Amino acid sequence: MEYGNLNINVVSENTSRPVEGATIRITGENAQGRTIEEARTNAQGQLNDIELEAPPLEYSMNPSADKPYSEYTIYISAPGFETTEVSGAEIFSGETAIQDISLIPADTAEPDSAELFVIPDHTLWGDYPPKIPESEIKTVEETGEIVLSRVVIPEFVVVHDGPPSDANAKNYYVRYRDYIKNVASSEIYSTWPEATIQANVLAIQSFTLNRVYTEWYRNKGYEFTITTSTAYDHKWIPNRNVFESISAVVDEIFSNFLSRPDVQQPILTQYCDGKNVSCPNWMSQWGSKSLGDQGYTAIEILRNYYGDSIYINETEEISGVPSSYPGTPLRQGSTGDKVRQMQRQLNVIAGAYPLIPKIAEDGIFGPRTEEAVKTFQRIFNLTQDGIVGFRTWYKISQIYVGVSRIAELV
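Calculation criteria
Residues numbered from 1 in each chain as written. Predicted model: local features only at pLDDT ≥ 70, side-chain atom pairs only at ≥ 80, totals over all residues. Heavy atoms only, no water. Salt bridge = Lys/Arg side-chain N within 4 Å of Asp/Glu carboxyl O. Helix = DSSP H or I, 4+ residues; strand = E, 2+ residues; numbered from the N terminus. Buried < 20%, exposed > 50% of the residue type's maximum accessible area, 1.4 Å probe, protein only. Core = buried A, V, L, I, M, F, W, Y, C linked by side-chain atoms within 4.5 Å. Pairing = 2+ DSSP bridges. Axes fitted to C-alpha atoms, helices over the stretch in contact; angles between N-to-C directions. Parallel < 35°, antiparallel > 145°, perpendicular 65-115°, else oblique. Left-handed = near helix turned anticlockwise from the far one by under 90°. Contact = heavy atoms within 4.5 Å. Nonpolar A, V, L, I, M, F, W, Y, C, P; charged D, E, K, R; others polar. Polar contact = N/O pair within 3.5 Å; in protein donor to acceptor, adjacent residues only side chain to side chain. Disulfide = S-S within 2.5 Å.

### Points about the pattern of salt bridges
Now for step 1: Applying the stated criterion across every chain, the model contains 18 salt bridges.
Now for step 2: Where Arg240 meets Glu90, a salt bridge forms, and the shortest distance between an N and an O atom there is 2.8 Å. With a gap of 150 residues between them, Arg240 in the loop between β11 (226-227) and β12 (242-243) and Glu90 in strand β6 (residues 83-91) connect regions that are remote in the sequence. Here Arg240 and Glu90 have matching classes, each one buried.
Now for step 3: The closest approach of N and O atoms between Lys138 and Glu134, which form a salt bridge, is 2.5 Å.
Now for step 4: Here Lys138 falls in the buried class, since its relative accessible area comes to 8%.
Now for step 5: One salt-bridge network, in which partners are shared between bridges, spans Lys131, Glu134, Lys138, Arg211 and Asp233.

Right, dumping it as structure tokens:
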């Protein structure tokens, strides 16, 4: 028997602060409703390293007649909060799944209500409509329709949970990075080579930023950024679990997108699975996995499908964070305003996560600051090296914005 791990993070929806003592109960698809795990969250609102059975790893390495993941139902309850149930959480062999839960306070919920989220089949396993082809570069007349003059990473995207024409579908405000992690976890397997994950994440990000940059749907009279229909966009699933291998890649490259020479807008990089649907001149997901197995880098995989003129671009324009990354990692011995800003943010976060020690906001990165950084990294499953690199910097910013409630929808 093979196993995967599940980490659960529970916060209050209205404060983003951790919920200590939430009861987590897990049942499996083959357990006939029997509880296979029950425990409570710690002071950080976390329950980590839950070991759960999973199908053999080989099922996810090639198109297979056997489902490559097992499914579990997670029940979350806590005094003062509405009960939440997530059905269909996916566990792959050898992988760590991350289930984030935002509990609704009982005084703002309907009486005797409970939230239910059902995660449908993974797109590589289930039956979904193929992408309707579009031009990878949008022709835009000089009519003022494009609001952005440069590529900006948005804080939020507005996701329409259905095809564009479905007026009854719900719109969700989703943080950009969380959206990318959700889509990638829904459309590729976390067991694949890192270069393959990087290539697919870059394609997803570039496609999404094309929708943002061109205001594609808003210019058609809709009040959203992108849809969950695979015929038009990507599969995004409310409250689905994501995977650590995918999450780590997104955190490192979320400011990147794909470009062509003399084209300002991000490229609308379309793709298909390469098994049930073929798509000449687009990336094949299973094909990208094969190339990753052969040692291709992410850019080599992308150029294999989109041509040699495609290249990886980056923007420093990131909305919704207090200040941009300083450009080089902060570590013991670093000084200045960026260190002071990071120290101030860690102190605010420590109010919600008391394991993090309070530190002097003096702009000097000393041993005490390193200890606080390492504790933060441990809580949020980052490399515990005490160095504030790109991923740690923006994770600090993300948590700071959440617990201080200074973020505004943009």
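### A short note on the nonpolar core
Now for step 1: Counting residues in each nonpolar core, the largest one holds 103 residues, and the members touching the most others are Met342 and Tyr353.
Now for step 2: Per-element accounting of this core gives the leading share, 11 residues, to helix α2 (residues 194-214).

### Comments concerning the sheet that holds β6
Pairing between the strands of a sheet is mediated by backbone hydrogen bonds and can be parallel or antiparallel.
Now for step 1: Strand order in the open sheet made by the five strands is β3-β2-β5-β6-β8, with mixed pairing throughout. The sheet terminates laterally at β3 (35-40) and β8 (114-118), the two strands that pair on one side only. Mean inter-strand twist for the sheet, computed between neighbouring axes without regard to direction, equals 20°.
Now for step 2: Note that strand β5 (residues 70-77) and β6 share seven bridges and pair antiparallel. Paired with Tyr72 across the two strands is Ala89, which belongs to β6.

### Brief notes about the packing of helix α4 (residues 285-293) against helix α5 (residues 298-306)
Now for step 1: Where α4 contacts α5, the two axes come as close as 10 Å, and the packing angle between them is 135°. Relative to α5, the element α4 lies oblique. In this structure, α4 crosses over α5, and the sense of that crossing is right-handed. Residues Gly287, Ser288, Leu291 and Gly292 of α4 pack against Ile301, Asn304 and Tyr305 of α5.
Now for step 2: In the contact of α4 with α5, the residues fall into three nonpolar, four polar and no charged.

### Notes on the packing of α2 against helix α3 (residues 244-253)
Now for step 1: One way to put it is that α2 packs onto α3 with a least axis distance of 10 Å and a crossing angle of 55°. By the angle between their directions, the pair α2 and α3 is classed as oblique. Judged by the sense of rotation from one axis to the other, the crossing of α2 with α3 is right-handed. Across the interface between the two elements, Glu194, Ile197, Gln198, Val201, Leu202 and Gln205 from α2 touch Ser245, Ile246, Val249, Val250 and Ile253 from α3.
Now for step 2: Its residues assigned to classes, the contact of α2 with α3 shows seven nonpolar, three polar and one charged.

### Some words on the side chain of Thr392
Now for step 1: As for its placement among the helices and strands, Thr392 is situated in helix α8 (residues 390-404).
Now for step 2: Judged by relative accessible area, which is 6%, Thr392 ranks as buried.
Now for step 3: A polar side-chain atom of Thr392 sits 3.2 Å from a polar atom in the side chain of Gln377.
Now for step 4: Those residues in contact with Thr392 that sit more than four places away from it in its chain are Val373, Phe376, Gln377, Leu382 and Ile387.

### Focus on the environment of Ser12
Now for step 1: On the secondary structure map, Ser12 appears in strand β1 (residues 2-12).
Now for step 2: Separated by 89 residues in the primary sequence, Ser12 and Ile101 place their C-alpha atoms 8.4 Å from one another.
Now for step 3: Other than its neighbours up to four places away in sequence, Ser12 contacts Arg17, Val19, Phe81, Leu103 and Pro105.

### Structural notes on unusual backbone geometry
Now for step 1: Look at Asp49: it is not a glycine, yet its phi comes out positive at around 60°.
Now for step 2: Looking at the secondary structure, you find Asp49 in strand β4 (residues 46-54).
Now for step 3: In this structure, Asp262 takes a positive phi of about 65° despite not being glycine.
Now for step 4: Structurally, the position occupied by Asp262 is in the loop between β13 (256-259) and β14 (271-272).

### Side note on the pairing of strand β7 (residues 96-103)
Now for step 1: Two strands pair when backbone bridges link them, and β1 and β7 are joined in this way by eight bridges, in the parallel orientation. Pairing of Leu6 across the sheet is with Ala97, part of β7.
Now for step 2: Summarising the sheet, β7 and β12 pair through two bridges and their orientation is antiparallel. What sits directly across from Ala97, in β12, is Phe243.

### Observations concerning the sheet that holds β1
Now for step 1: Spatial strand order, β4-β1-β7-β12: four strands in an open sheet with mixed pairing. Since the sheet does not close on itself, it has two edges, and those belong to β4 and β12, each with one partner.
Now for step 2: Taken together, the seven bridges between β1 and β4 define a ladder with antiparallel strand orientation. Along β4, the bridge assignment pairs Leu6 with Ile50.

### Description of the state of the cysteines
What is meant by a disulfide is a covalent connection between two cysteines, made through their sulfur atoms.
Now for step 1: For the structure shown, the criterion picks out one disulfide.
Now for step 2: The side chain of Cys272 participates in a disulfide bridge whose partner is Cys279; the two sulfur atoms lie 2.0 Å from each other. One disulfide, between Cys272 and Cys279, carries an S-S torsion of -80° and so falls in the left-handed class.
Now for step 3: Residue classification places Cys272 among the buried positions, given a relative accessible area of 7%.
Now for step 4: Among the residues examined, Cys279 registers a relative accessible area of 12% and is labelled buried.

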